Amino acid sequence: MKAFNYQQDFSTIDFRKEPERYQVGRGEQGVLMVEPYKSEILPYWRFKDIASATASAKKIMQLFEDYRQQDDFVGMDMARKFIQMGYTRARRYANHPGGKKYDKNRKILPYQLDEEKAAAAKIFKQSWDKLRADNDYLQRKKQHQQQFG
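In this report, the structure presented in the accompanying data block is examined. (Residues numbered from 1 in each chain as written. Predicted model: local features only at pLDDT ≥ 70, side-chain atom pairs only at ≥ 80, totals over all residues. Heavy atoms only, no water.)

Before going further, it helps to spend a moment on the overall build of the protein. Within the protein, the regular secondary structure consists of five helices and zero strands. Order of helices (α) and strands (β) in the protein, N terminus to C terminus: α-α-α-α-α. Over its C-alpha trace the protein gives a radius of gyration of 16 Å, about what one expects of a compact globule, namely 15 Å for 149 residues. Expressed along its principal axes, the backbone C-alpha trace of the protein runs to roughly 45 × 35 × 25 Å. Classification of the 149 residues of the protein by burial places 41% in the buried group. Across the protein, every contact between residues at least 6 apart in sequence was considered, and the portion connecting residues at least 24 apart equals 63%. Across the protein, the mean location of the 29 positive side-chain charges is 7 Å away from that of the 20 negative side-chain charges. (Helix = DSSP H or I, 4+ residues; strand = E, 2+ residues; numbered from the N terminus. Rg over C-alpha atoms; globule rule 2.2 N^0.38 Å. Buried < 20%, exposed > 50% of the residue type's maximum accessible area, 1.4 Å probe, protein only. Contact = heavy atoms within 4.5 Å. Lys, Arg positive; Asp, Glu negative; His and termini not counted. Charge placed at Lys NZ, Arg CZ, Asp CG, Glu CD.)

What follows is about the nonpolar core. Ile41 and Met78 are the most contacted members of the largest nonpolar core, which has 35 residues in total. Going through the elements one at a time, helix 1 (37-41), helix 2 (50-69), helix 3 (73-95) and helix 4 (115-132) are the ones with two or more residues in this core. Top element by residues in this core is helix 3. It accounts for nine residues. (Core = buried A, V, L, I, M, F, W, Y, C linked by side-chain atoms within 4.5 Å.)

With that out of the way, let us pick up the packing of aromatic side chains. In total, this model carries eleven aromatic pairs according to the counting rule given. Centre to centre, the rings of Phe73 and Tyr137 are 5.9 Å apart; their planes meet at 25 degrees, and the pair counts as stacked. Taken together, the residues Phe73 in helix 3 and Tyr137 in helix 5 (residues 135-148) connect sequence positions 64 residues apart. In this structure, Phe73 and Tyr137 share a single accessibility class: buried. Above the face of the Tyr44 ring, Lys59 is positioned so that its terminal group lies 4.9 Å from the ring centre. (Phe/Tyr/Trp six-rings, centres within 6.5 Å; stacked < 30°, edge-to-face > 60°. Lys NZ or Arg CZ within 6 Å of the ring centre and 35° of its normal.)

A few words now on the side chain of His144. Residue placement: His144 occurs in helix 5. The class of His144 is buried, set by a relative accessible area of 6%. With near-sequence residues (within four places) excluded, His144 lies in contact with Pro19, Tyr22, Val24, Phe73, Val74 and Gly149.

Looking at the element boundaries, Arg68 is found in helix 2. A sequence separation of 72 residues divides Arg68 from Arg140, and the C-alpha atoms of the two residues are 9.8 Å apart. Contacts of Arg68, omitting those with residues within four sequence positions, involve Met76, Asp134, Asp136, Tyr137 and Arg140.

What follows deals with the pattern of salt bridges. Scanning the model with the defined rule gives 13 salt bridges in all. The partner of Asp72 in a salt bridge is Arg16, with the nearest N and O atoms 3.5 Å apart. One end of the pair, Asp72, is in the loop between helix 2 and helix 3; the other, Arg16, is in the segment before helix 1, and 56 residues separate them in sequence. Of the charged contacts, one joins Arg89 and Glu28 as a salt bridge, the two residues approaching to 2.9 Å between their closest N and O atoms. With Arg89 in helix 3 and Glu28 in the segment before helix 1, the pair connects residues that are 61 residues apart, well separated along the chain. One network of salt bridges, with partners in common, ties together Glu65, Arg68, Asp71, Asp134, Asp136 and Arg140. (Salt bridge = Lys/Arg side-chain N within 4 Å of Asp/Glu carboxyl O.)

Structure (structure tokens):
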């Protein structure tokens, strides 16, 4: 896999108009940079508690389906990244109050389980698992990577 190109001028690229410039990357790379998708999805991204995580995951999954209907792989992948980030951030906050994992000396702080955040993470994990098993999404991802790197 080609390294994610953080040197692009993300402030001027409309990835809907230029999907060939989009890189899937690893995990959540570029999730807060790729427009117009960041602005479309970010307002719905919440993981504070079970209710907000449920509403957030449901809305982002609907956006994923909307992008699919529009034949917009970049939108689908960005929705997947936000779902994945919902899981990873909720897990971080579930394990570490305030989301702070390291102290000033870069030592991992002790785990303090927050059951509410852990439940929020589980909601996003279920959605993420669905996306990772979605054969249409996987085929589109493979095609995009083969075509554009």
